[in-house]
Amino acid sequence: MQELKLEQLTPADFAPFGVVLDKDLAEKRMINEGTTERFHALAMADTEAEGGRTILSLFRGQPRVFPYRITMMERHPLGSQAFFPVTNRTWIAVVALDDDGRPGEPRAFRVPGNTGLQYGRNIWHHPLIAVGEPSQFLVMDREGEGDNLEEIGYPAPYVITEP
Ligand SMILES: NC(=O)N[C@@H](O)C(=O)O
Ligand code: NI
């Protein structure tokens, strides 16, 4: 079993996999007579393939138990998937580039509780990894026809020793 080290998240490091949803990276607009700051267009959903449409859901993830084994990855061939934490708690994202139709070497990022991520369409990622306590996330992804979930196991598991 190979140890998967947690990396600090940077937009550049995450760029091959998707977009970091961070208000400080967004265009800020003052609206509503100056009473509201609009952090505009953190991401653009990519959900229209094969007649899909964008939906917004709420996930409540139970915390994973560590050491946590990464034994599989998934991807959504027809749409992007964005997670934004509602409960301000650090979480973990595990992603991988494609290697001839299978997930390549995974990378694990520690994500601050005030930061979200959008996985690009067809990007390998591990299902939600909540840490410490049940954690809620707004999730923007695709509803529609077609098979939008592909899951593949790793021949040998990776392990995240501690969050
Ligand atoms: N299954 C589901 O809706 N969630 C996963 O895609 C995930 O990435 O957590
Ligand atoms: Ni997913």
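Analysis parameters
Residues numbered from 1 in each chain as written. Chains lettered and ligands numbered in written order. Predicted model: local features only at pLDDT ≥ 70, side-chain atom pairs only at ≥ 80, totals over all residues. Heavy atoms only, no water. Helix = DSSP H or I, 4+ residues; strand = E, 2+ residues; numbered from the N terminus. Rg over C-alpha atoms; globule rule 2.2 N^0.38 Å. Buried < 20%, exposed > 50% of the residue type's maximum accessible area, 1.4 Å probe, protein only. Near = heavy atom within 4 Å. Polar contact = N/O pair within 3.5 Å; in protein donor to acceptor, adjacent residues only side chain to side chain. Nonpolar A, V, L, I, M, F, W, Y, C, P; charged D, E, K, R; others polar. pLDDT = per-residue confidence, 0-100. Donors = N, O, S within 2.8 Å, 3.2 Å for Na, K, Ca; no water. Tetrahedral: all angles 85-135°; square planar, octahedral: opposite > 155°, others 65-115°.

Focus on the overall build of the protein
Thought 1: Each helix and strand in the protein was counted, giving one helix and 16 strands.
Thought 2: A globule of 163 residues ought to have a C-alpha radius of gyration of about 15 Å, and the protein, at 16 Å, matches this closely.
Thought 3: With respect to the three principal axes, the spread of C-alpha positions in the protein is 55 × 35 × 30 Å.
Thought 4: Taking all 163 residues of the protein together, 40% fall into the buried category.

Details of the site of ligand 1
Thought 1: Around ligand 1 sit F59, E74, H76, Q81, F83, H125, P127 and L128, and that is every residue in its neighbourhood.
Thought 2: In this structure, E74 approaches ligand 1 through a side-chain N or O atom, which is 2.6 Å from an oxygen atom.
Thought 3: Residues belonging to the shell around ligand 1 are distributed by class as follows: four nonpolar, three polar and one charged.

What to know about the confidence of the model for the protein
Where the model shows low pLDDT, its predicted coordinates should not be examined in detail.
Thought 1: Looking at the protein, pLDDT values average 98 and 100% of them are 70 or higher.
Thought 2: Scoring the predicted complex yields pTM 0.97 and, for the interface, ipTM 0.96.

A short note on the coordination of the nickel ion (ligand 2)
Thought 1: Around the nickel ion (ligand 2), the donor atoms from the protein are E74 (OE), H76 (NE2), Q81 (OE1) and H125 (NE2), and they sit 2.0 to 2.2 Å away.
Thought 2: Angles of 77 to 175° at the metal separate the six donor atoms of the nickel ion (ligand 2), which places the site in the octahedral class.
Thought 3: Coordination of the nickel ion (ligand 2) draws on donor residues from a single chain, spaced E-x1-H-x4-Q-x43-H in sequence. Residue E74 is located in strand 7 (residues 68–75), and its partner H125 is located in strand 14 (residues 124–125); the two are separated by 51 residues in the primary sequence. The residues E74 and H125 share a single accessibility class, namely buried.

Considering unusual backbone geometry
Thought 1: Following F66, the chain continues into P67 via a peptide bond in cis, with omega recorded as -5°.
Thought 2: Positive phi is not limited to glycine here, since D100 has a value of about 55°.
Thought 3: Taking the relative accessible area as the measure of exposure, D100 reaches 76% and is therefore exposed.
Thought 4: Phi is positive for N122, which is not a glycine, with a value near 70°.
Thought 5: For N122, a relative accessible area of 30% corresponds to the partly exposed category.

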